[in-house]
Amino acid sequence: MNQGHAAFDLPDPDLIQVQTLDEITVKFAGDSGDGIQLAGQKFALLASAAGETVRTLPDYPAEIRSPAGSLGGVSGFQVRTGGGGIHTPGDRIDLLVAMNPAALRSNLPELKANGIIILDESAFTTANLDKAGFSGNPLEDGTLRDYRVFPVPIGKLTRGALKGLALSNKQTSRSRNFFALGLICWLFPRPRAGVDEWIAQRFAATPELAEANHHAFHAGWNYGETAEYFVSPLRVAVDPRQRSAGVYRFVSGNAALAKGLVQSARRAGLSLFLGGYPITPATEVMQELSRYRDPDVRMFQAEDEIAAIGSAIGAAFAGALGATSTSGPGLSLMGEFLNLAVIAELPLVVINVQRAGPSTGIPTKSEQADLLQALHGRHGESPLPVLAAATPADCFDTVVEASRIALRYMTPVVVLSDLSLASSAEVWREPALDELPEFTVHRAVAGADFQPYRRDPQTLARPWAVPGNPGMEHVIGGLEKAGASGAVCYEAENHATMVQLRHDKVAGVAADYPATTVHGDTDARLLLLGWGSSFGAIREATDRLRQRGRPVACLHLRHLNPLPRDLGETLRRHRTVLVIENNSGQLWQLLRAEYLLDLQRLNKVQGTAFRITEITEAAESLLETLT
Amino acid sequence: MNQGHAAFDLPDPDLIQVQTLDEITVKFAGDSGDGIQLAGQKFALLASAAGETVRTLPDYPAEIRSPAGSLGGVSGFQVRTGGGGIHTPGDRIDLLVAMNPAALRSNLPELKANGIIILDESAFTTANLDKAGFSGNPLEDGTLRDYRVFPVPIGKLTRGALKGLALSNKQTSRSRNFFALGLICWLFPRPRAGVDEWIAQRFAATPELAEANHHAFHAGWNYGETAEYFVSPLRVAVDPRQRSAGVYRFVSGNAALAKGLVQSARRAGLSLFLGGYPITPATEVMQELSRYRDPDVRMFQAEDEIAAIGSAIGAAFAGALGATSTSGPGLSLMGEFLNLAVIAELPLVVINVQRAGPSTGIPTKSEQADLLQALHGRHGESPLPVLAAATPADCFDTVVEASRIALRYMTPVVVLSDLSLASSAEVWREPALDELPEFTVHRAVAGADFQPYRRDPQTLARPWAVPGNPGMEHVIGGLEKAGASGAVCYEAENHATMVQLRHDKVAGVAADYPATTVHGDTDARLLLLGWGSSFGAIREATDRLRQRGRPVACLHLRHLNPLPRDLGETLRRHRTVLVIENNSGQLWQLLRAEYLLDLQRLNKVQGTAFRITEITEAAESLLETLT
Amino acid sequence: MIPITVVPTTAAELPTTPSRTDFLSSSTPRWCPGCGCFAVLKSLTATYARLGVPRERLVTISGIGCTSRLPYYTATYGFHTLHGRAPTVALGVKLANPELSVWVISGDGDALAIGANHTLHLLRRNPNIKMLLLNNQIYGLTKGQASPTSPRGMVTRSTPYGVADTPINPVNLALAAGATFVARVADTNGAMMEEVFAAAHAHRGVALVEVLLNCVTFHDGAYAMITDKETRDDYALVMRPGEPLLYGRQQRKVLVADRGRLVALPLADGEAIPEQALRHDPQATDSSLAQQLAFMAPPDLPCAMGIFRQVQAPVYGLDPKADD
Amino acid sequence: MIPITVVPTTAAELPTTPSRTDFLSSSTPRWCPGCGCFAVLKSLTATYARLGVPRERLVTISGIGCTSRLPYYTATYGFHTLHGRAPTVALGVKLANPELSVWVISGDGDALAIGANHTLHLLRRNPNIKMLLLNNQIYGLTKGQASPTSPRGMVTRSTPYGVADTPINPVNLALAAGATFVARVADTNGAMMEEVFAAAHAHRGVALVEVLLNCVTFHDGAYAMITDKETRDDYALVMRPGEPLLYGRQQRKVLVADRGRLVALPLADGEAIPEQALRHDPQATDSSLAQQLAFMAPPDLPCAMGIFRQVQAPVYGLDPKADD
Ligand SMILES: Cc1ncc(C[n+]2csc(CCOP(=O)(O)OP(=O)(O)O)c2C)c(N)n1
Ligand SMILES: Cc1ncc(C[n+]2csc(CCOP(=O)(O)OP(=O)(O)O)c2C)c(N)n1
Ligand code: SF4
Ligand code: SF4
Ligand SMILES: [Mg+2]
Ligand SMILES: [Mg+2]
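Worth saying up front: this structure is predicted, and the values here are computed from it rather than measured.

Visitor: How do you make sense of the overall build of chain C when you look at a structure like this?
Guide: Along its length, chain C carries 9 helices and 11 strands. The C-alpha radius of gyration of chain C comes to 20 Å, within 12% of the 20 Å expected for a compact globule of 324 residues. Taken along its principal axes, the extent of the C-alpha atoms in chain C is 65 × 50 × 40 Å. Within chain C, the proportion of its 324 residues that are buried is 64%. Considering only contacts in chain C between residues 6 or more positions apart, those separated by 24 or more positions represent 65%. With the model as given, the accessible surface of chain C reaches about 11,100 Å², and the carbon-plus-sulfur share is 52%. For chain C, the distance from the average site of its 28 positive side-chain charges to the average site of its 27 negative ones is 5 Å.

Listed below in structure tokens is the structure:
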């Protein structure tokens, strides 16, 4: 079977035998009260511990709570695991664990033809079927004819397993997720002992729950072993790449952003200050930071986004690494302050975890449509560097790079992530502090020739003269400044000079970039170009196409402003370039203006990430027109 | 003498005789307390009444008050008048009236070689020279050797003329401007009687001032007649174009914006609601509106710009023509609300009177650098029409066009003006209400098939169902909406459809534009392309170049988004296109991306408008490279 | 040139005595089961039904938050605006068409964090707009962060070591802003909500009603002391115009002023209400006593419920240019 | 990992007893001649000189407005930020380095129109930051529009038919926000400014000082009643801790509370101060009396000047995570 391709091809139930899969995408789905997230996460952790490559994607119900059993209340957790080459949480589902009819119904469109469904038969009551909007019973009316369905009376079996315990019906029902987890752990053999320990630890505070979940888990496992359905377990390939020594964590994009800020500040020998205001899907960044007890890691929850960035600018003025995290609507409020940071030339990291817009839009859907805003969302000529993260773990590296640039060039930097990275997770080796790049910090030195806007000739950065240091008292602000002195200046030529200097300084950031390297042949006929969270899908699509012998390479941009200096050259080496974005063509427009190249584009603005197949199909048909 | 060219060529003083000038640029300058604005305005009005074409430009001291006599406190008023072909307030000064040393010093760089200086000798005291930063006395040390200087002891003569009146020294000194006005009115003969009447009316409340100013004015006039300096008065050519019947006003750009809003609402049969917050240089727009006593013209001064646009959106929801006026920093705060207007599809006119940025920038200097912000300053895919005004009077027409589009397409529209239009003024014939274009208003009609997002098939506009009308109760908001019903919808395909619909609707606005027409030969080798306030300089530059036989045409864009459909074609007809902007190349970038054409650019970011000569020079050297 | 024609509702459209359900939209509310929002929706639509205002002249405007979803569930015109900005949109609506009855629905984060400035300015201007501030002391929609009304020390998802701020007292702030009608009710008392909402409507000018709202999911029981049967007599005081400020079981405690400060005086069995007992006067121009009542909080003093202030003042937006 | 090293000023840099001019920058102030800002600059720099804080540890932060130009004229670190946003920047500065002495300079438009939300939240959080609100009841920098403190009916460039809003009372609002130090002074009384600024500095926590500021150009004489020699005895009352609240010529009027409301009691010649006279107690936890004093205004009652409130409360930003 083709490694890069949809990997799961389970034989007929009665033919099942031990089989090693290159990869599989499993989705746990149920009501938001069903403990789906917990079961899914544990399954992912176990797979990762077994040496598989894992990507996960939770799928929360829409923000307003829906009645139990309704479609709006379905919670899901998708796990893709396999032996390498895994860069997305999976295009489509191979195996669906559905805890109720609504979970089945809302995930069916994502299930592969001939895919497996394990469902809790006990939950398929008329009431639940109604709530899910089924007119008949899908178990009986042929709805599921294209799938391989394994109905298991999970509710009933769990109740049976916990009969001895003094638990209410509701409490018993809460352990159904452990039954399901047990069953799945049997199916993909995972060490039971580890799970036992984990349950004991996690529910230490409520021993009755620990016991119930323990029993449910083993009941599920045993059911797998004894039920005639499943002849034998499945095995997933192990990632052949050797892991280097170090601390591994399972990180979501938002956790990686938070961590990246902390480690950047530590690496630079500074304290970190993040001013934030809750907003989906960025809230976890500030929440992560609020948990630190380190006095040099401070999270301030402001009264709004304006105050959030204002406080971060104040902290940057006072010598900290200033940061703020928000989503589109928040960024739309920060334009005026971002402009102040541009003209005051202070180091600031502004994180935008994008969601579907415009306006309130769809807060729980993903999009990459704030790129042009990051570049131009302020009045006047106001250049600043813009970076984008490609994967959950890359959120860490991108924030580190953004912090490096902010400090080296004394400038605000915008980091774009998005909802599909925010909560998606992967295993990541946390680098030690001294493995991070070195940080230049432009501390000003008092002396006769100190001037707050005297620039470093190489980086054009101004010195950072921090309050508390004698001999450098000065006033900064939003009015135009005179050359080196930084005094207020309304003079015509000076303004032109300063506009140019600010532009040149930001343009100069590109001097630090490594050379642009494409994945695949450097002169492939077709180059797939992307940025941000579409990385995984583009990468896997490229691999699949190349395996099919197609002349395709791919390139992913982390630095969106300034663009890499050798980008034009790289683009021109390929006959056709397809710019792939979850927006209407924003990078595409920038590149056209920059290089006057007639690039192709593939856009998707549906609040969801690209599927690998959408990209391979587009590339295939484009290649056809080329020959 | 060349009509389009710098027109003033006064012979040596002792050779002066009656002479008709094609045009002349006069600047009145003095301390902010010197009544310079009043004198300048009256001079301009008289010129206009005489049938000349007039453009004026006041020049206020920087916003913080400076000590009397200091450079920072200089106030100026420039008047360019002539017989047609006048589209700017003048590149350089032909005749400077300087009421003190600071006024002389700060305006000298703008004075033409061999230009005339009339100055108040009495004000050239050591103290005043010091305050102006002169090391010697410019009247004696050769500083003024390249100019023709007419020192007049205006202060002394005014005091003398008012000796009989019971006035303090300070009060007497306040009449110096009238002395200067009298002298200039003699020089360019203007009817004295009209001025007498005007003085009497204007100072009716303070008869002692009326008398003083009357005496001072005539003393100035008589001085001109009797002093041996000026052999004879000058005459300025009259605009040969016939004026059509109607009400003529001398309007500044800001007044024209206000008037345009009022007349648009009246034409559409709606009430006007403007929510505003003071900010230089946009404040006059709201102040103008505050003066109306018409209950259907309402100005609301909000607590900030966010509330200003929020209230305008509320008013638009309630059935008024909603509007707000601000400058760059304010627009940077409005992004989130503008986005709401985009998704709610409400008619709204957002006026941005641009000033030099970024950040607080230079509030009293002009710039055109908010174009990309107007297009992209919001998160998500958020298209809206953007228009720009070319001259003070064109501010009226542009706002009318913006209102027409807002109502016809149910969309917010951004109108860009700038500081150099805001207070610059020209004579303008106010069109009668029925001369304005017709306005389509999409009033919804109750009925079984009413749906708040059911679109007009031609314009794609949704209907305007205004509270108060029964049978159409519905809720709108910032969340993504389902097709026709407007209900909240998180569905993937629907989102893509709506993003496309919003895009198509705005793109469709271009269907209404007249064909693009260039000024000059349609296939001239060089096309000068501009937008906004650079119109006059580009137009006059083109005329001058054509008079020199150069193959140049010009084109000025009012509609910046969507661009005219035939623009690409037009651009391609010219061998070279030079895009001229008071920014770093924002339209240039848009056009490159749109048409993949390698356009040239001429940019100036000095807080001041282009001089005609800067454009002719750039064009000449570009033409040289072409041959 | 009146922008819209207000057509009175005909009988065919709405029954002559409309019921609460006539003001409910067809959308099913999507709050957590047990959320206080349900009770507010019920009382508000019941109030709407009683006002005699035709449905099309009611406009329900909200910001963003769980509570701000309310307009979707009414059958009035509605606008679900931006986080914190509902007062600005509401003011535009009202100024453009003073015939409309405009209701703002807001949460504690919405009205007092990002939107406090607009709330403040709405209140000081005194337009004829009604604002309900549904205060659950938490950010519900974003899943449980501290709000400006979260009590000191409260552990939330954004304050794992406890809130370090002094909470805002919405009623006190409204009074400081010069609001002409200010009240406080609890989501548990439907009758009182209806009564107070109707009084707010009858008031000519701005009205702020703080609703103590229970968020079952992220801050359950925030107001238990004040609303639970067993404790509410001791910790809640219902203010009635002209009456002494009594509370406690059998109403045996009364408020008196001691040099400008409030003190609770326990009354002995059968003891008459003393002369110096404070009587509630919501119409007093000076709102300082109301501000004192607003600040009262358990356990030392009871939480005051009802209408704190109701005074007449020039209404904003009614032909300001006419009177000159 | 303390971000910066605070080096104490050496004698070589600043005289051991620095004078006010050591805290003035070399820029010439550019306010209109006669503007109240000059007096504030003088008193503030005089205060700076007396604090014993080395110059480099002082940070003067402002928004936008005439008054907000002040930092340019001090020799401290300074930040001329955005209109209305100074409190947010100041809080960031203070949280990042608690060793700094942070002063916010703001105008009435800056602090109470566009910036009122930040002002409110700064005050309720109680960081150790000092804020001067220079209230000239007008937008000076933009040349004369109404501000949130402009009195009702005032004609300005944006209100040709008079202001239609209820003005904000900054002191009352600050008290409603829970500010722990609140004072009011006039630009005409340099000694009192210095005294109050110093007291604000000494206070551990947030301090708001309203300065009644005369704008000679756009609203001259706004406070004439309160500051003019001839009238000020009758219309201004200087509060002194522990003392009765006396004013009037020869201090022959005293404030008393009548059922929670303030009344001025004229004293006959030689009459002793009565028992029920209110004594000023800025340290009272309950700020309701202070709120009443804040609302007092001529002609019926005098304008109260001095420190309204000064109480100790947990200071925001001082190791909030330490105490758990
Ligand atoms: C500009 C902006 N910032 C942040 C958010 C995210 N957000 C939505 S609701 C909310 C707070 C909700 O709290 P509250 O107003 O108390 O309403 P509740 O959900 O408790 O009813 C926040 C922070 C947003 N929608 N827009
Ligand atoms: C975002 C923004 N809006 C508006 C302005 C214009 N503006 C500058 S100062 C000011 C108000 C000044 O009033 P106030 O705060 O009372 O200060 P004063 O000049 O009276 O000292 C305004 C509206 C601005 N600079 N920025
Ligand atoms: S989270 Fe709280 S406020 Fe929101 S719906 Fe649930 S119970 Fe109500
Ligand atoms: S306008 Fe008023 S506040 Fe501004 S500098 Fe002049 S007097 Fe002072
Ligand atoms: Mg809340
Ligand atoms: Mg002011």
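That shown, we press on.
Visitor: Can you help me understand the coordination of the magnesium ion (ligand 5) in this one?
Guide: Working reference: metal with six octahedral donors, ideal angles 90 or 180 degrees; metal with four tetrahedral donors, ideal angle 109.5 degrees. Residue and element names in this part refer to chain C. Each protein donor to the magnesium ion (ligand 5) is listed here as D108 (OD), N136 (OD1) and I138 (O); together their distances run 2.0 to 2.1 Å. Positions of the donor residues of the magnesium ion (ligand 5), expressed as sequence spacing, correspond to D-x27-N-x1-I. For N136, a relative accessible area of 6% gives the class buried. Of the residues examined, I138 reaches a relative accessible area of 3% and is grouped as buried.

Visitor: Just to check I follow, could you spell out the coordination of the magnesium ion (ligand 6) for this structure?
Guide: All names here are of chain D. Here the magnesium ion (ligand 6) is held by D108 (OD), N136 (OD1) and I138 (O), and the distances to it run 2.0 to 2.1 Å. Expressed as a motif, the donor residue spacing for the magnesium ion (ligand 6) is D-x27-N-x1-I. When sorted by exposure, N136 lands in the same class as I138, which is buried.

Visitor: Could you clarify how one ought to interpret helix α6 (residues 190-202) of chain C in this entry?
Guide: Each turn of an α-helix holds 3.6 residues, which means side chains three or four residues apart point in the same direction. Under the 1.5 Å per step criterion, the end-to-end length of α6(C) is 18 Å for 13 residues, consistent within 8% with the ideal 18 Å. Burial in α6(C) covers these residues: M192(C), M193(C), V196(C), F197(C), A198(C), A199(C) and A200(C).

Visitor: Sorry if this is basic, but what is going on with the environment of H80(D) here?
Guide: Its location among the elements puts H80(D) in strand β2 (residues 77-80). For H80(D), a relative accessible area of 2% translates into the label buried. Sequence separation between H80(D) and L70(D) is 10 residues; the distance between their C-alpha atoms is 8.7 Å. Once residues lying within four places of it in the same chain are set aside, the contact partners of H80(D) are V475(A), I476(A), G477(A), G478(A), L479(A), S62(D), G63(D), I64(D), S68(D), R69(D) and Y72(D). At 3.5 Å, the side chain of H80(D) forms a polar contact with the backbone oxygen of G63(D).

Visitor: Looking at this structure, I do not really get the relation of the copies chain A and chain B. What am I missing?
Guide: Both copies of the chain are placed relative to one another by a rotation about an axis and a shift along it. Relative to chain B, chain A is turned by 180° and slid 0.0 Å along the rotation axis, the superposed coordinates differing by an RMSD of 0.1 Å. Such a combination of turn and shift is consistent with a two-fold rotation axis. A share of 100% of the interface residues of chain A reappears at the interface of chain B, consistent with the copies meeting face to face through the same patch.

Visitor: For this particular structure, what's the right way to read the interface of chain A and chain B?
Guide: Interfaces are often sized by the accessible area lost when the parts come together. Across the contact, 60 residues belong to chain A and 60 residues belong to chain B. For the pair chain A and chain B, the two sides together bury roughly 4,900 Å², of which 59% comes from carbon and sulfur. Counting across the interface, chain A meets chain B through 0 salt bridges. Here chain A is connected to chain B by 28 residue pairs in polar contact (both at pLDDT 80 or more). Contributions of two or more residues to the side of chain A that touches chain B are made by α12 (328-344), α13 (371-376), α16 (492-508) and α19 (586-595) of chain A.

Visitor: How do you make sense of the pairing of strand β6 (residues 111-120) of chain A when you look at a structure like this?
Guide: Each regular strand displays side chains that alternate between the two surfaces of the sheet. All names here are of chain A. Counting buried residues in β6 gives 8 out of 10 residues, a clear majority hidden from the surface. Of the strand pairs in this sheet, β6 and strand β7 (residues 148-152) are connected by 5 bridges, and their pairing is parallel. Bridge assignment links I117 to a residue of β7, and that residue is V149.

Visitor: Looking at this model, I keep getting lost on the site of ligand 4. Mind explaining?
Guide: Taken together, the neighbourhood of ligand 4 is formed by 10 residues, with C32(D), C35(D), C66(D), C215(D) and V216(D) sitting nearest. Residues near ligand 4 are shared among chains B and D, making this a multi-chain site. Broken down by class, the residue content of the shell around ligand 4 amounts to 7 nonpolar, 2 polar and 1 charged.

Visitor: Would you explain the domain arrangement of chain A in this entry?
Guide: All names here are of chain A. Each assigned domain of chain A is listed here: domain 1 (13-236), domain 2 (247-435) and domain 3 (526-626). Between domain 2 and domain 3, the contact holds 27 residues from the first and 21 residues from the second. Across the domain 2/domain 3 interface, buried area totals approximately 2,000 Å², and carbon plus sulfur atoms make up 57% of it. Together, Q368, L371 and L372 form the three largest contributors to the area buried by domain 2 at its contact with domain 3, with a combined 32%. The interface formed by domain 2 and domain 3 holds 1 salt bridge in total. Where R558 meets D394, a salt bridge forms, and the shortest distance between an N and an O atom there is 2.5 Å. Within the residue set of the side of domain 2 that touches domain 3, elements represented by two or more residues are α13, β14 (386-388), α14 (392-409), β15 (412-418) and α15 (419-422). Grouping the constituent residues of the side of domain 2 that touches domain 3 by class yields 14 nonpolar, 6 polar and 7 charged.

Visitor: What is the right way to look at the pattern of salt bridges in this model?
Guide: Where charged atoms from two side chains of opposite charge approach closely, those side chains can pair. Residue and element names in this part refer to chain B. By the definition in use, this model includes 65 salt bridges over all chains. The shortest N-O distance in the salt bridge between R455 and E345 comes to 2.8 Å. Of this pair, R455 sits in the loop between β16 (425-430) and β17 (475-477) while E345 sits in the loop between α12 (328-344) and β13 (348-354), and the two are 110 residues apart along the sequence. Taking relative accessible area as the criterion, E345 reaches 0% and is therefore assigned buried. Residue R592 is joined to D598 by a salt bridge in which the shortest nitrogen-to-oxygen separation is 3.4 Å. In this structure R592 comes out as buried when scored by relative accessible area, which is 8%.

Conventions used here
Residues numbered from 1 in each chain as written. Chains lettered and ligands numbered in written order. Predicted model: local features only at pLDDT ≥ 70, side-chain atom pairs only at ≥ 80, totals over all residues. Heavy atoms only, no water. Helix = DSSP H or I, 4+ residues; strand = E, 2+ residues; numbered from the N terminus. Rg over C-alpha atoms; globule rule 2.2 N^0.38 Å. Buried < 20%, exposed > 50% of the residue type's maximum accessible area, 1.4 Å probe, protein only. Contact = heavy atoms within 4.5 Å. Areas by Shrake-Rupley, 256 points an atom, 1.4 Å probe, with all protein chains shown as cover. Lys, Arg positive; Asp, Glu negative; His and termini not counted. Charge placed at Lys NZ, Arg CZ, Asp CG, Glu CD. Donors = N, O, S within 2.8 Å, 3.2 Å for Na, K, Ca; no water. Expected span 1.5 Å × (residues − 1). Polar contact = N/O pair within 3.5 Å; in protein donor to acceptor, adjacent residues only side chain to side chain. Least-squares fit on C-alpha atoms with pLDDT ≥ 70 in both. Buried area = accessible area lost by both parts, 1.4 Å probe. Salt bridge = Lys/Arg side-chain N within 4 Å of Asp/Glu carboxyl O. Pairing = 2+ DSSP bridges. Near = heavy atom within 4 Å. Nonpolar A, V, L, I, M, F, W, Y, C, P; charged D, E, K, R; others polar. Domains from an automatic or database assignment.

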